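A closer look at the structure
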Amino acid sequence: MSEIICNHLGISKDDFINIIKEKNLTTLDEVLDETDAGSVCGTCIPDIEQILNDVLDGKL
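The following refers to the structure shown.

Let's shift gears to the nonpolar core. Membership of the largest hydrophobic core comes to 16 residues, with the highest contact counts inside it found for Phe16, Val31, Ala37, Ile48 and Ile51. With four residues, helix H3 (residues 45-56) is the largest single contributor of residues to this core. Among residues more than four places away in sequence, those in contact with Ala37 are Cys6, Leu9, Ile11, Phe16, Leu32, Cys44 and Ile48.

Listed below in structure tokens is the structure:
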């Protein structure tokens, strides 16, 4: 089980990676719209942006 990134919605790092890859998401707004993450308190947004950048850069 991977680290939970969005505590309010219980979305893990692996969940974000899978969603980004499966839906071919390329922007932070697309990820936030697809998952509703960041909509409660917003503290996870920097982590989500880093995950997105790592996926787009081929690191994940």
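Moving on, we get to unusual backbone geometry. Positive phi outside glycine occurs at Asn24, with the angle close to 55 degrees. For Asn24, a relative accessible area of 63% gives the class exposed.

Conventions adopted
- Residues numbered from 1 in each chain as written.
- Predicted model: local features only at pLDDT ≥ 70, side-chain atom pairs only at ≥ 80, totals over all residues.
- Heavy atoms only, no water.
- Core = buried A, V, L, I, M, F, W, Y, C linked by side-chain atoms within 4.5 Å.
- Buried < 20%, exposed > 50% of the residue type's maximum accessible area, 1.4 Å probe, protein only.
- Helix = DSSP H or I, 4+ residues; strand = E, 2+ residues; numbered from the N terminus.
- Contact = heavy atoms within 4.5 Å.

On their own, these measurements won't tell you what the molecule is for.
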